[in-house]
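# Structural features, examined
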Amino acid sequence: DGGITQSPKYLFRKEGQNVTLSCEQNLNHDAMYWYRQDPGQGLRLIYYSQIVNDFQKGDIAEGYSVSREKKESFPLTVTSAQKNPTAFYLCASRKMGPDGETQYFGPGTRLLVL
Amino acid sequence: GESVGLHLPTLSVQEGDNSIINCAYSNSASDYFIWYKQESGKGPQFIIDIRSNMDKRQGQRVTVLLNKTVKHLSLQIAATQPGDSAVYFCAENWVSGTYKYIFGTGTRLKVLA
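Here's what I pulled together on the structure shown here. Nothing here was measured: the structure is a model prediction, and the numbers come from that model. (Residues numbered from 1 in each chain as written. Chains lettered and ligands numbered in written order. Predicted model: local features only at pLDDT ≥ 70, side-chain atom pairs only at ≥ 80, totals over all residues. Heavy atoms only, no water.)

With that settled, consider the state of the cysteines. Scanning the model with the defined rule gives two disulfides over all chains in all. Disulfide pairing is shown between Cys23 of chain A and Cys91 of chain A; the S-S distance is 1.9 Å. For the disulfide bridge between Cys23 of chain A and Cys91 of chain A, the dihedral angle about the S-S bond is near -75°, and by the sign convention the bridge is left-handed. Linking Cys23 of chain A in strand S3 (residues 19–25) with Cys91 of chain A in strand S9 (residues 87–94), this pair joins segments that are 68 residues apart in sequence. On the basis of relative accessible area, Cys91 of chain A is assigned to the buried category, the value being 0%. Note that Cys23 of chain B is cross-linked by a disulfide to Cys90 of chain B, the S-S spacing being 1.7 Å. With Cys23 of chain B in strand S2 (residues 19–24) and Cys90 of chain B in strand S8 (residues 86–93), this pair connects stretches of sequence that are 67 residues apart. Of the residues examined, Cys90 of chain B reaches a relative accessible area of 7% and is grouped as buried. (Disulfide = S-S within 2.5 Å. Helix = DSSP H or I, 4+ residues; strand = E, 2+ residues; numbered from the N terminus. Buried < 20%, exposed > 50% of the residue type's maximum accessible area, 1.4 Å probe, protein only.)

Here the focus is the interface of chain A and chain B. A common way to report how large an interface is uses the accessible area buried once the components associate. Listed by partner, the interface residues are 27 residues for chain A and 27 residues for chain B. Note on chain A versus chain B: buried area summed over both sides is about 2100 Å², and carbon and sulfur give 50% of it. At the boundary of chain A and chain B, one finds zero salt bridges. Those elements that provide at least two residues to the side of chain A that touches chain B are strand S4 (31–37), strand S5 (44–51), S9 and strand S10 (103–105) of chain A. Grouping the amino acids of the side of chain A that touches chain B by side-chain chemistry returns 13 nonpolar, eight polar and six charged. (Contact = heavy atoms within 4.5 Å. Buried area = accessible area lost by both parts, 1.4 Å probe. Salt bridge = Lys/Arg side-chain N within 4 Å of Asp/Glu carboxyl O. Nonpolar A, V, L, I, M, F, W, Y, C, P; charged D, E, K, R; others polar.)

Have a look at this one:
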C-alpha cells in the first residue's frame, strides 16, 4: 500500500523535553509538509521541504525543527522552546509536476503535555 | 474521539438528502482549490479538486462549484449517507506551483438517520 504514515498516534511530552514525531511516505513525492491543527482553526504550516536536504520555515516554525535526510522521511522535533505544543500534528506530501498539486495527509499525531 | 474543531459551523442533513457546504476563499489570484474530509481523530482525506479555469467539477456523488467573482467555493454531496458525517474544509493554493496553501476552518456535517 502506498501512503503516508505517522507515529506515534499519541505522544506525551514532559516540561522541558524535546519530542520527535515521525513521518514516512512511500509515494515517491518530493515535497513534504508539517502542519499543526488546533480546534476552530485552519491548518497552520510549520515547516516544509521541497527536496532532500532542504527545508524552509512555514508560518509558525518557532519551537520546532525538522530534517530531510531521505526522500521518504521528514521527522518533526517539538523542542522545549515551544510553549504551547498541545495540538494535532499532520504531515503531508505533495506530488510535484504538471499531473497534480494535491497534498495527501497522514493520519496525524496528537501531542499532549503532562 | 478527538474533535478537530470545537466551535465549527454545523450542517445537519437528513440521510438521503443533498448537502451543500460552502467556503469563502481569500485570494483572487489562487488558481487551485481542494476539498478535504476529516473524520474525528484522523488525517484529512482528499475529496475533489478544481482549477480556476473551471466553474464546476464532478466526482462520485460530489460536485465542486467555483465562483471566482465572489471568491466562493461549494461542495455538493448527493444522497448524503451516515458515512459522510465529518468535518469538511477547503484549501486554496495561494500562489500557483508553490508550497503555500491556505486552509479553511471547516464545517461539520451531521447526517441524521
